[in-house]
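Okay, here's what each chain looks like letter by letter:
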Amino acid sequence: MSIIELAEVRKTYPLGKTEVQAVKGVSFRIERGDFISIAGPSGSGKTTILNMIGLVDRPSGGEVLIEGKPTSKLADRELTTLRHETLGFIFQSFNLIPVLNVRENVEFPLLLGAKRQPRKEAAEWVDFLIEEVGLSDWKGHRSNELSGGQRQRVAIARALVTKPKIVLADEPTANLDSATGEQIIELMKKINRDLETTFIFSTHDAKIVDIADHVVRLRDGLVTENFRRERAGAEA
Amino acid sequence: MQTARLAFRNLSRQKRRSFLLGGAIAFGVMIVTLIDGFAGAFVDNVSENFSNLLAGHVFVEGVEKSPKGRDLDIIRDDAALREAAEAAGIEAKYVSRRSALQGSLKFAGRTASLAVQGVDFAAESFLAERLALASGSLDNLPRDGIVIPEPIADKLGVETGDRLLVTTRTYSGQQNVGEFAVAAVIKDPGILGSISAYATRDYVNELLDLAPDEYQALSFYLPSLSGMDEAGDRLHAEVSSRLQTFEREAPGAEGENPILAMMRGEDEETWTGVKYRVTTLNDALAQVQQIVDVLETASLVILLVLFLIIMVGITNTFRIIMYERIREIGTMRAVGMQRGQVRGLFLWEALFLALGGAVAGLAAASLVMLGVGLIDFGLDSPLFIILKNGHMSFRLDWASVALKVAIVAFLTLAAAFLPARSAAKLDPAVALRTAV
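Not measured: the values here are computed from a predicted model.

Caption draft 1: Spotlight on the overall build of chain A. Within chain A, the regular secondary structure consists of seven helices and ten strands. The globule rule puts the C-alpha radius of gyration for 236 residues at 18 Å, and the 18 Å found for chain A is close to it. By its C-alpha atoms, chain A is 50 × 40 × 40 Å across when sized along the principal axes. Taking the contacts inside chain A whose residues are at least 6 apart along the sequence as the reference set, 70% of them involve residues at least 24 apart.

This is how it looks when you write it as structure tokens:
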């Protein structure tokens, strides 16, 4: 069973008296442990598709299935719980909470759900993630004291803190210089390997698309390409 | 708890804005607290001052009808009244038995009108402690000695040792003339100057044509203000079982001063012998309580009006806050924050603002009360009756303060509720793509 399946997904936005079709019937599957890039130019529908996979937006038609479960009829509370338990988010503009420091930002999602980890276990996991993203010396700093790359590392740790099966990253390198962007993608790739977390990221940077092992290319709200790359030592 | 902690920290984001909003709440709380504090002390101070003025808390007066139907003030049954007071268990700190004449003092062609209290100085030893002497002495007061206030002494141009002529009327209304020797002059008692002359009761009785064992007013000065009405009721019952009395409460006295209503009833009534009236300070001050009720209502109305204005500010500010943090709300919703938690985040912030403002308002009110309390208005101030020893005083009922703080918190939460609900209802996708 695919971890995510999109079946004839459409999304229409009202624009004054007319409507804009951002996604025009898209279908593809994402397998567990994929490191998938949703690529395409601006306005191709990347963010819209990512939002629908991330359950922050509802399709106008079609169905998004998470682990085989249809999501279109779920109530807001159920969608929020599903997001909290299954999905992690990395945003283009990092979207850290400015009044919280690095540690608190990473810990934040853990404190939202109904299920709580034992305090000590949670603290160790948070510290482990901060160390993994290389920010052990910055735990007490607030986001305005960090560089763009450091902020995105905090966002990655925050996305992983609830041990989600899927992490969605919307243009995670767009606000970073190319070297930092590559480091961030490498970090995501490492976590993808080590924790077997499925990573779905949108980008229009060809160099970053090359790192992905599954690519879905979009244009004008339609899939133009959907392929898996053969990697040395990896199965397609 | 994470929501509350985050809400608390959010207050520090726009310090100036939080300060202004909290300041508006603090100002409202301060005004209301000051009114409450003033109203709280108002009754105490007025009661205390009147009890000093009237020399007691529970009073007995005797009224006799003249052949022409006039009411004459006289107490002829002291023994029965003593017995009644004992039976009623009146434990008085001081008991005073006084007569009083209204007369004109004359000296070297100058005249001054005033009331002269006939006092048993030996029994009313506390009086010597209260009177601030400017000259002379209360020791060995001669039978015709008089103690007059400074302004009267200045007006007449007299000093201690001078002798004054007094023209007055006996208790039954006959013209009478006497002579007083100025034994002492007391410092200016302010607006009470016209009723602050004292002489021996023996001599005042002589001028009033009363027997030495007769007098006009019996007062009991109780150890505290509480329980005076119960003491008055008990005394009335005991006096009634021995002597003729008026009803404790005059019929139809609702909304009117009880003593005035009682006296109106006496004018219409006829009887023979002396009939006794038992009253308390609370009867005399019934309308003071009405003033306090008005002040308390005004304080609540001011609180509500001020907070209606402040609420508009809070609602608008929280709407602005919602738009400023719209992407943050989208992010929090995306990472798993439920709608109720978003709403809670805003409401916690409003609650902290309200509580912070309330605490600051109470602190500011305390400082103002402390500062105003230090101002000496003097005993001759026109405000004398509401002051405590010449100083403005305040008394807060902490239950009422807690209620007002609860109202402030509720109104602030109500003001923040609509923006909080709007924030909670935001579509996460819309919130995330909104550029601020």
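Caption draft 2: Local environment of the packing of helix α5 (residues 148–160) of chain A against helix α6 (residues 178–195) of chain A. Residue and element names in this part refer to chain A. For the pair α5 and α6, the least separation of the axes is 10 Å and the interaxial angle reads 20°. What the angle tells us is that α5 and α6 run roughly parallel. Along this stretch, α5 crosses α6, giving a crossing that reads as right-handed. Residues Gly148, Gly149, Gln152, Arg153, Ile156 and Leu160 of α5 form the contact with α6, whose participating residues are Thr180, Gln183, Ile184, Leu187, Met188 and Ile191. Residues of the contact of α5 with α6, tallied by class, amount to six nonpolar, five polar and one charged.

Caption draft 3: A look at the domain arrangement of chain B. Segmentation of chain B into domains returns domain 1 (2–50 + 287–433) and domain 2 (56–280). Computed from C-alpha coordinates alone, the two centres of domain 1 of chain B and domain 2 of chain B are separated by 50 Å.

Caption draft 4: Examining the interface of chain A and chain B more closely. Contacts between the two partners involve 19 residues from chain A, matched on the other side by 20 residues from chain B. For the side of chain A that touches chain B, the class distribution of residues is nine nonpolar, six polar and four charged.

Caption draft 5: Structural view of the environment of B:Gly157. All names here are of chain B. Here Gly157 is to be found in the loop between α5 (150–156) and β7 (163–169). Gly157 sits 194 residues away from Leu351 along the chain, and the two C-alpha atoms are 67 Å apart. Those residues within four positions of Gly157 in sequence are excluded, and the remaining contacts are Phe107, Ala108 and Arg110.

Caption draft 6: Expanded view of helix α1 (residues 46–53) of chain A. In terms of burial, α1(A) is a largely internal element, eight of the eight residues being buried. Positioned one or two residues after α1(A), A:Leu55 has a phi angle of 60°, which is positive.

Caption draft 7: Just the pairing of β7(B), in detail. Residues and elements named next belong to chain B. As defined by bridge partners, strand β3 (residues 94–107) adjoins β7 across three bridges and the pair is classed as antiparallel. Among the inter-strand pairings, Ser104 is bridged to a residue of β7, identified as Thr167. The turn linking β7 back onto strand β8 (residues 175–186) is made up of five residues, and Gly173 within it adopts a positive phi angle of 100°.

Caption draft 8: Structural detail: the nonpolar core. In terms of nonpolar packing, the biggest core is built from 169 residues, with A:Ala157, A:Leu168, A:Ile200, B:Ile25 and B:Ile146 touching the most fellow members. Looking at this core element by element, the count peaks at 13 residues for helix α2 (residues 15–53) of chain B. Residue contributions to this core reach at least three from each of two domains, namely domain 1 (2–50 + 287–433) and domain 2 (56–280) of chain B. Setting aside anything within four residues of it in sequence, one finds A:Leu168 in contact with A:Leu50, A:Ile53, A:Gly54, A:Leu87, A:Phe89 and A:Ile200.

Caption draft 9: Quick peek at the pairing of strand β4 (residues 110–119) of chain B. Residue and element names in this part refer to chain B. Pairing of β3 with β4, which is carried by nine bridges, proceeds in the antiparallel orientation. Bridge pairing in β4 places Ala100 opposite Gln117. The loop that links β3 with its antiparallel partner β4 comprises two residues; one of these, Ala108, has a positive phi angle of about 50°. Pairing analysis gives four bridges linking β4 to strand β9 (residues 197–200), with the strands arranged parallel. Counterpart to Gly118 in the pairing with β9 is Ala199.

Caption draft 10: Spotlight on unusual backbone geometry. In this structure, A:Leu55 takes a positive phi of about 60° despite not being glycine. You will see that B:Ala108, though not glycine, has its phi angle at about 50°, which is positive. Tracing the chain through its elements places B:Ala108 in the loop between β3 and β4. By the C-beta count within 10 Å, which is 9 here, B:Ala108 ends up exposed.

Caption draft 11: View of the sheet that holds strand β6 (residues 87–90) of chain A. Residue and element names in this part refer to chain A. Taking strand neighbours across the sheet as the criterion, the six strands line up as β6-β7-β8-β3-β9-β10 in an open arrangement whose pairing is mixed. For this open sheet the edge positions go to β6 and β10 (222–228), each flanked by a neighbour on one side alone. Neighbour-to-neighbour, the strand axes of this sheet turn through a mean angle of 15°, independent of strand direction. In the sheet, strand β3 (residues 35–39) pairs with strand β8 (residues 198–203) via five bridges, with the strands oriented parallel. Residue Ala39 lies in a different strand from β8, and its bridge partner there is Thr203.

Caption draft 12: Geometry of α6(A). All names here are of chain A. Over its 18 residues, α6 extends 25 Å from the first C-alpha to the last, a length consistent with the 26 Å expected when each residue adds 1.5 Å. Looking only at α6, the buried set comprises Gly181, Ile184, Ile185, Met188 and Ile191. For α6, the angular spread of the buried residues around the axis is 120°, confining them to a single face. Across α6 from its buried face, at more than 90 degrees, point the exposed residues Ala179, Glu186, Lys190, Arg193 and Asp194. Against α5, β7 (166–170), β8 and α7 (206–209) lie the buried residues of α6. Just beyond α6, the residue with positive phi is Glu196, at close to 55°.

Caption draft 13: How the structure looks around the sheet that holds strand β2 (residues 18–30) of chain A. Read across the sheet, four strands follow the order β2-β1-β4-β5 (chain A) without closing on themselves; strand pairing throughout is antiparallel. One side of each edge strand has no neighbouring strand; the edge strands of this open sheet are β2 and β5 (69–70) of chain A.

Caption draft 14: The packing of helix α1 (residues 2–10) of chain B against helix α12 (residues 339–374) of chain B, seen in detail. All names here are of chain B. Contact pair α1 / α12: the axes reach a minimum separation of 8 Å and the direction vectors enclose 50°. With respect to α12, the element α1 is oriented oblique. Taken as a pair, α1 and α12 cross one another with a handedness that is right-handed. The segment α1 lies against α12, with Thr3, Ala4, Leu6, Ala7, Phe8 and Asn10 engaging Gln341, Gly344, Leu345, Trp348, Glu349 and Phe352. Looking at the contact of α1 with α12, its residues break down into seven nonpolar, four polar and one charged.

Caption draft 15: Main features of the confidence of the model for chain B. Across chain B, the average pLDDT comes to 87, with 92% of residues at 70 or higher. The complex prediction reports pTM at 0.72, with the ipTM value standing at 0.91.

Caption draft 16: View of the environment of A:Met52. All names here are of chain A. The topology assignment puts Met52 in helix α1. Take Met52: there are 27 C-beta atoms within 10 Å of it, and that puts it in the buried class. Linking Met52 and Glu63, residues eleven residues apart in sequence, is a C-alpha distance of 9.4 Å. In this view, Met52 contacts Val9, Lys11, Asp57, Pro59 and Val64; residues no more than four positions away in its chain are not counted.

Each value, and the rule that gives it
Residues numbered from 1 in each chain as written. Chains lettered and ligands numbered in written order. Predicted model: local features only at pLDDT ≥ 70, side-chain atom pairs only at ≥ 80, totals over all residues. Helix = DSSP H or I, 4+ residues; strand = E, 2+ residues; numbered from the N terminus. Rg over C-alpha atoms; globule rule 2.2 N^0.38 Å. Contact = placed C-beta atoms within 7 Å. Axes fitted to C-alpha atoms, helices over the stretch in contact; angles between N-to-C directions. Parallel < 35°, antiparallel > 145°, perpendicular 65-115°, else oblique. Left-handed = near helix turned anticlockwise from the far one by under 90°. Nonpolar A, V, L, I, M, F, W, Y, C, P; charged D, E, K, R; others polar. Domains from an automatic or database assignment. Buried ≥ 20, exposed ≤ 12 C-beta atoms within 10 Å, placed from the backbone. Pairing = 2+ DSSP bridges. Core = buried A, V, L, I, M, F, W, Y, C linked by C-beta atoms within 7 Å. Expected span 1.5 Å × (residues − 1). Arc of directions from axis to C-beta. pLDDT = per-residue confidence, 0-100.

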